[in-house]
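# What the coordinates show
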Amino acid sequence: MPKRVVVTGMGAITPVGQNVAELWAAVRDGRSGVARITSLDASDLQTQIAGEVKGFDPIARFGARNARRLDRFMQFAIVAAEEAVADAGLAITAENRDRVAVIIGSGIGGMGTLLEQVDVLREKGPRRVSPFLIPMMLADSAAGQVAINLGVRGPNMAILSACASSANAIGEAGEIIRRGDADVAICGGTEAGILRLAIAAFNVMGALSTENGDPPRACRPFDATRSGFVMGEGAGIIVLESEEHARARGARLRGELVGYGASADAYHIVAPDENGSGAALAMRRALENGSISPREVDYINAHGTGTSLNDAAETLAIKTVFGADAYRVPVTSTKPVTGHLLGGAGAVEAIISLKAMEEGCIPPTINYATPDPACDLDYVPNVARAATLHMVMSNSFGFGGHNATLIFRAI
């Protein structure tokens, strides 16, 4: 019989804080972490704003030698994983280490290290290229390094599905536990993509907001004046366990992962299916996976990027799945606060969804001012709303037509 899967720990490092408490406080209060970029020269870029992780000193955290051997996306994953494991009160021992999985997704992995070493090759020659280039650029290195850091030897892998990566990582980690291949999974996603090349590439696609004059207001999901997404960086990690294992060790249960659905649009490599059919399929599969009625869902944390096509397609998908209940269930996007963490977004938003359920508070969609007839649901504009939440849904969609939906239930 499949095992029930529960959440026992959460960890995050984001543009609004270096732990879950700081993340939740900012999301709840609608305080954006989007600002002008300070980590690189963005003066010649169309977009000069992003959600950067502030005040993070990798040398102080890891030491100079180790910091040089860890790409920023790996550093974020380690920090968030350590918080999640501590939050879970999970002790790694010789007896349990082989039953602890690590599944961490990333959209672009160590792109920063790759670009840096391309310059080294060009300017100094092949013998000066770092021997750590390959392990620092591989997207699976975050999962590998977290396992090394914690000493765990269960199933270990990366899930890559663009901006759905970390939601898929959590969903697949849950399935590993359900079938009995692990008792615990440390899972989620990480990203460090605020790079000149990445910003330039998103700019020529027309995906990023170029409203540099007022950074905190640049991302406006579901608003008629929305103009594109804003990049963010960071990581979100949660600890999943079989309910039996968690209760046996007296762990605090933060919620149950009851539904997971994944699908493909099979439509376009970057544009969402305008009918929202792929997103609807993922949501429907998550509901069916947990034997859940749409009427049981109390809140949806939307993918909600602030791009014209995504927000309209996601709204239509929700209407397709929920019918008349679409107008009852609150739907919010928290990306104006955190920026879009790409491969890390789904995990951070899963944490936000769990905190919303735990705190009885629906975080707002900030910067919402001008209604769009194509986006006519309850987006909880600008101010958080108190509510009793028993079941929450989190959506994540990515380039390539990847769709993932997670559903959590209060315990």
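Here the structure is shown first, and the text comes after it.
Quick look at the structure, then. (Residues numbered from 1 in each chain as written. Predicted model: local features only at pLDDT ≥ 70, side-chain atom pairs only at ≥ 80, totals over all residues. Heavy atoms only, no water.)

### Observations regarding the packing of helix 8 (residues 165–178) against helix 14 (residues 345–359)
A pair of packed helices is characterised by two quantities: the angle between their axes and the separation of those axes. Between helix 8 and helix 14, the least distance of the axes is 5 Å, while the angle of their chain directions is 65 degrees. Between helix 8 and helix 14, the interaxial angle falls into the category roughly perpendicular. Within the contact between the two elements, helix 8 uses S166, A167 and I170 and helix 14 uses A345, G346, A347 and A350. Of the residues in the contact of helix 8 with helix 14, the class split is 5 nonpolar, 2 polar and no charged. (Axes fitted to C-alpha atoms, helices over the stretch in contact; angles between N-to-C directions. Helix = DSSP H or I, 4+ residues; strand = E, 2+ residues; numbered from the N terminus. Parallel < 35°, antiparallel > 145°, perpendicular 65-115°, else oblique. Contact = heavy atoms within 4.5 Å. Nonpolar A, V, L, I, M, F, W, Y, C, P; charged D, E, K, R; others polar.)

### Brief notes about the sheet that holds strand 8 (residues 255–264)
Spatially, 10 strands are ordered 5-4-6-7-1-8-14-13-9-10 in an open sheet, and the strand pairing comes out mixed. With one partner strand each, in any of the chains shown, strand 5 (156–157) and strand 10 (331–332) form the two edges of the open sheet. In this structure, strand 6 (residues 184–191) lies alongside strand 7 (residues 234–242), joined through 8 bridges in antiparallel fashion. Note that in strand 7 the partner of I186 across the bridge is V239. In this fold helix 7 (residues 141–150) packs onto strand 4 (100–105), strand 5 and strand 6, with an angle of close to 145 degrees to the strand it touches most, strand 4. (Pairing = 2+ DSSP bridges.)

### Some words on the environment of K355
Note that K355 resides in helix 14. Relative accessible area serves as the criterion here: at 11%, K355 is assigned to the buried category. Taking C-alpha positions, K355 is 9.0 Å from V20, a pair spaced 335 residues apart along the chain. Once residues lying within four places of it in the same chain are set aside, the contact partners of K355 are M10, V20, W24 and R254. (Buried < 20%, exposed > 50% of the residue type's maximum accessible area, 1.4 Å probe, protein only.)

### Let's talk about the pattern of salt bridges
By the definition in use, this model includes 29 salt bridges. One network of salt bridges, in which partners are shared, links D87, R252, R254, K355, E358 and E359. (Salt bridge = Lys/Arg side-chain N within 4 Å of Asp/Glu carboxyl O.)

### Points about helix 1 (residues 20–29)
Listing the buried residues of helix 1 in full gives V20, L23, W24, A25, A26 and V27. Looking at the buried positions of helix 1, the neighbouring elements they touch are strand 1 (5–13), helix 4 (72–88), helix 13 (335–338), helix 14 and strand 11 (361–362). Structurally, the start of helix 1 carries an N-cap: the backbone nitrogen of A21 is 3.2 Å from a side-chain oxygen of N19. Residue G30 follows helix 1 closely and has a positive phi angle near 70 degrees. (Polar contact = N/O pair within 3.5 Å; in protein donor to acceptor, adjacent residues only side chain to side chain.)

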